[in-house]
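What follows is each chain in one-letter form.
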Amino acid sequence: MAEASRIIYTTLVPCFRPTIQRTHLGHPHLSMPRKHQIHCSVSANASGTTQASVVDTIPWGCEIESLENASALQKWLSESGLPPQKMGIERVDVGERGLVALKNIRKGEKLLFVPPSLVITSDSEWSSPEAGEVLKRNSVPDWPLLATYLISEASLMESSRWNNYISALPRQPYSLLYWSQAELDRYLEASQIRERAIERINNVIGTYDDLRLRIFSKYPDLFPEEVFNIESFKWSFGILFSRLVRLPSMDGKVALVPWADMLNHSCDVETFLDYDKTSKGIVFMTDRSYQPGEQVFISYGKKSNGELLLSYGFVPKEGNNPSDSVELSLSLKKSDGSYKEKLELLKKYGLSASQCFPVQITGLPLELMAYAYLAVSPSSMGEKFEEMAAAASNKITSKKDLRYPEIEEQALQFILDSCESSISKYNKFIQASGSLDLDVTSPKQLNRRLFLKQLAVDLCTSERRILFRAQYILRRKLRDMRAGELRALKIFNGFRNLFQ
Ligand SMILES: C[S@@+](CC[C@H](N)C(=O)[O-])C[C@H]1O[C@@H](n2cnc3c(N)ncnc32)[C@H](O)[C@@H]1O
């Protein structure tokens with residue numbers, strides 16, 4: 001039971017991310033139309049690991065480029081209380097479907113006004129009230145509850161009040177949840193996002209297994225396995241990861257907001273969705289003006305390209321995302337005489353012998369420097385180990401800007417070595433990517449592979465760009481330090497000659 005609730009809990013809690021604060025809710029221009037993708041999925045095998053299997057998709061939702069369901073959605077929304085809009089759903093260059101200005105929209109205007117009655121939250125009424133009761137009695141947290149709610153409502157088709165909304169949702173949301181283990185290994189080997197995707201897939205599988213064991217198996221009439229299975233859960237979690245918003249003015253409540261969730265992400269805007277207490281609706285305030293025909297964007301939050309690929313299945317164009325970062329992994333050396341002592345301190349501060357830190361184009365985080373100090377410090381600096389471990393963690397508020405001039409050069413060299421070993425993995429993948437498709441046997445498979453490969457190449461190129469910058473900064477710093485040391489040595493030798 002404790003293990004079961006841990007699985008549900010971990011599904012909801014983002015994994016440890018030192019330094020960068022992430023906030024809210026998010027394809028590059030690809031040469032390949034998405035409709036040619038084959039639907040391939042990840043499922044659990046007996047050992048709990050993931051494996052690839054080509055399966056039928058779920059029977060509801062639509063192909064994302066289908067505007068037919070989108071017009072039924074607009075009609076239903078306006079009949080259900082959505083006020084007249086200055087935007088309409090159209091096919092767009094960025095994001096396939098999106099909201100496009102129908103009239104001039106000024107900077108600073110509030111748009112949308114989706115009433116709470118049209119918003120899906122954990123408090124929404126269930127078309128099958130008994131099913132909702134069972135989940136609430138078992139204190140199922142918001143995310144798994146909403147995932148089950150979506151499947152329950154979707155399976156009821158026309159009998160659900162959300163039928164028009166669900167029919168317009170993508171049948172296969174774009175997210176790494178839909179990449180097989182082999183695809184993740186093949187295309188994302190160089191990037192730490194591969195581990196994040198595997199962790200997320202396993203969390204979804206774990207959450208489903210937990211619900212099945214604890215609840216669904218006990219109420220098979222309410223939760224039949226033909227409907228509530230790993231395929232439908234992968235779909236509903238894919239929808240949640242790519243569409244759920246956190247509403248700051250509703251105490252951070254998470255919600256699916258029909259209509260608003262047709263807005264695509266742009267790294268150039270900072271505006272996000274929230275509940276407006278005055279108009280009593282979900283709104284966003286434009287931070288630029290739009291002409292009729294222009295696509296209107298919001299921000300899904302300050303997310304790296306890897307995070308956008310993980311949850312939303314797209315990668316912004318290289319250099320377009322000011323919040324982009326790459327995870328650099330540092331590890332304690334097993335040969336270190338103080339390995340055990342250092343590891344224990346790291347654990348005390350929630351860290352491990354191998355730790356990832358987000359590096360941005362603007363520089364390296366202080367936590368990473370503290371970890372590097374700890375990794376290279378000799379046993380004679382034992383009394384400093386704890387402050388280094390503490391500063392490497394993002395859990396403390398104490399001084400993080402540590403400086404130990406006597407080991408600074410070694411620490412910087414240690415980071416540079418990790419950075420260069422990571423760059424060589426990216427180089428290997430990007431160079432090999434031209435030949436990755438030679439073993440494809442069918443045109444359908446070729447299309448999917450080209451599509452995934454393009455996303456992976458875009459991601460790896462943007463991550464490597466940040467590492468190149470870090471490499472440049474580190475090399476320059478080390479060169480300056482070494483030149484300074486040489487100068488100091490020359491001066492010292494000059495003095496010594498003077499006194500000889
Ligand atoms: C909240 S939905 C937005 C509406 C979506 N385009 C639709 O038709 O349902 C998020 C999804 O839109 C797409 N998307 C959003 N912003 C994008 C962007 N800047 N580039 C490419 N795709 C984007 C991704 O497929 C993402 O998973």
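These numbers were taken from a predicted model, which means no experiment stands behind them.

**What to know about the overall build of the protein chain**
Argument step 1. Each helix and strand in the protein chain was counted, giving 14 helices and 13 strands.
Argument step 2. Taking all 500 residues of the protein chain together, the buried fraction comes to 40%.

**A closer look at the pairing of strand β4 (residues 97-101)**
Argument step 1. For β4, the tally of buried residues reaches 4 of 5 residues, placing the bulk of the element in the interior.
Argument step 2. Both strand β3 (residues 87-91) and β4 contribute to a ladder of 5 bridges, which runs antiparallel. Among the inter-strand pairings, Ile89 is bridged to a residue of β4, identified as Leu99.
Argument step 3. Counting the residues between successive antiparallel strands, the hairpin from β3 to β4 contains 5 residues, one of them, Gly95, with a positive phi of roughly 95°.

**What about the confidence of the model for the protein chain?**
Argument step 1. On average, residues of the protein chain score 87 in pLDDT, and 84% of them are at 70 or above.
Argument step 2. In the model, residues 1-55 has pLDDT below 50 throughout and makes 111 contacts with residues more than four positions away in sequence or in other chains.
Argument step 3. The complex prediction reports pTM at 0.86, with the ipTM value standing at 1.00.

**Comments concerning the packing of helix α10 (residues 339-348) against helix α12 (residues 385-392)**
Argument step 1. At a minimum axis separation of 9 Å, α10 and α12 run at an interaxial angle of 40°. Viewed along their axes, α10 and α12 adopt a mutual orientation that is oblique. As for how α10 packs across α12, the hand of that crossing is right-handed. Across from Glu341, Lys342, Leu345, Leu346 and Lys348 in α10, the residues of α12 making contact are Phe385, Glu386 and Ala389.
Argument step 2. A per-class count over the contact of α10 with α12 returns 4 nonpolar, no polar and 4 charged.

**Description of the environment of Ile215**
Argument step 1. Turning to its location among the elements, Ile215 is positioned in the loop between α7 (193-214) and α8 (230-243).
Argument step 2. Residues Ile215 and Asn138, spaced 77 residues apart in sequence, show a C-alpha to C-alpha distance of 8.0 Å.
Argument step 3. Beyond its immediate chain neighbours, meaning those up to four positions away, Ile215 contacts Val134, Leu135, Asn138 and Phe223.

**Structural notes on unusual backbone geometry**
Argument step 1. Phi is positive for Phe113, which is not a glycine, with a value near 60°.
Argument step 2. Following the sequence through the fold, Phe113 ends up in strand β5 (residues 110-114).
Argument step 3. For Phe113, a count of 18 C-beta atoms within 10 Å corresponds to the partly exposed category.
Argument step 4. Even without being a glycine, Lys280 presents a positive backbone phi close to 55°.
Argument step 5. Relative to the elements of secondary structure, Lys280 occurs in the loop between β9 (274-276) and β10 (281-285).

**With respect to helix α13 (residues 405-432)**
Argument step 1. Compared with the 40 Å implied by 1.5 Å per residue over 28 residues, the 41 Å span of α13 between its first and last C-alpha is a close match.
Argument step 2. Listed in full, the buried residues belonging to α13 are Ala411, Leu412, Phe414, Ile415, Ser418, Cys419, Ser422, Tyr426 and Phe429.

**Quick word on the nonpolar core**
Argument step 1. In terms of nonpolar packing, the biggest core is built from 89 residues, with Val257, Ile282 and Leu309 touching the most fellow members.
Argument step 2. Top contributing element to this core by residue count: helix α4 (residues 142-155), with 8 residues.
Argument step 3. Core analysis: the next-biggest nonpolar cluster, separate from the first, contains 33 residues, Val326, Leu368, Ala390 and Ala391 among them.

**What about the environment of Asp209?**
Argument step 1. By secondary structure assignment, the location of Asp209 is in helix α7.
Argument step 2. Note on Asp209: 17 C-beta atoms within 10 Å, which makes it partly exposed.
Argument step 3. It is 8.3 Å that separates the C-alpha atoms of Asp209 and Ile230, two residues lying 21 residues apart in sequence.

**Remarks on the UniProt feature "domain: SET" (unreviewed entry) in the protein chain**
Argument step 1. Under the UniProt annotation, the feature "domain: SET" (unreviewed entry) is placed at residues 85-301.
Argument step 2. Taken end to end, residues 85-301 comprises 33% helix and 15% strand; its first and last C-alpha atoms sit 24 Å apart.

**Observations regarding the packing of α4 against α8**
Argument step 1. Contact geometry of α4 with α8 gives a least axis separation of 9 Å together with a crossing angle of 115°. Crossing of α4 against α8: the hand is right-handed. Contact residues: Trp143, Leu146, Ala147, Leu150 and Ile151 in α4; Ser232, Phe233, Ser236, Phe237, Ile239 and Leu240 in α8.
Argument step 2. Here the contact of α4 with α8 is built from residues that sort into 9 nonpolar, 2 polar and no charged.

**Notes on the UniProt feature "binding site: substrate" (unreviewed entry) in the protein chain**
Argument step 1. The positions UniProt marks with the feature "binding site: substrate" (unreviewed entry) are Arg243, Asp261, Tyr275, Tyr300 and Tyr312. These annotated residues cover 70 residues of sequence, and their C-alpha atoms sit far apart, with the largest distance between any two at 22.7 Å.
Argument step 2. Position of Asp261 among the secondary structure elements: in the loop between β7 (253-255) and β8 (264-265).
Argument step 3. Of the residues examined, Asp261 has 21 C-beta atoms within 10 Å and is grouped as buried.

**Focus: the environment of Ser379**
Argument step 1. With respect to the helices and strands, Ser379 occurs in the loop between α11 (366-376) and α12.
Argument step 2. We classify Ser379 as exposed; it has 11 C-beta atoms within 10 Å.
Argument step 3. When the C-alpha positions of Ser379 and Tyr339 are compared, they lie 9.7 Å apart, and in sequence the two are 40 residues distant.
Argument step 4. Non-local contacts of Ser379, meaning those with residues more than four positions away in its chain, are made with Gly337 and Ser338.

Cut-off values and rules
- Residues numbered from 1 in each chain as written.
- Predicted model: local features only at pLDDT ≥ 70, side-chain atom pairs only at ≥ 80, totals over all residues.
- Helix = DSSP H or I, 4+ residues; strand = E, 2+ residues; numbered from the N terminus.
- Buried ≥ 20, exposed ≤ 12 C-beta atoms within 10 Å, placed from the backbone.
- Pairing = 2+ DSSP bridges.
- pLDDT = per-residue confidence, 0-100.
- Contact = placed C-beta atoms within 7 Å.
- Axes fitted to C-alpha atoms, helices over the stretch in contact; angles between N-to-C directions.
- Parallel < 35°, antiparallel > 145°, perpendicular 65-115°, else oblique.
- Left-handed = near helix turned anticlockwise from the far one by under 90°.
- Nonpolar A, V, L, I, M, F, W, Y, C, P; charged D, E, K, R; others polar.
- Expected span 1.5 Å × (residues − 1).
- Core = buried A, V, L, I, M, F, W, Y, C linked by C-beta atoms within 7 Å.
- UniProt positions renumbered as here; feature names shortened; annotations may be inferred.

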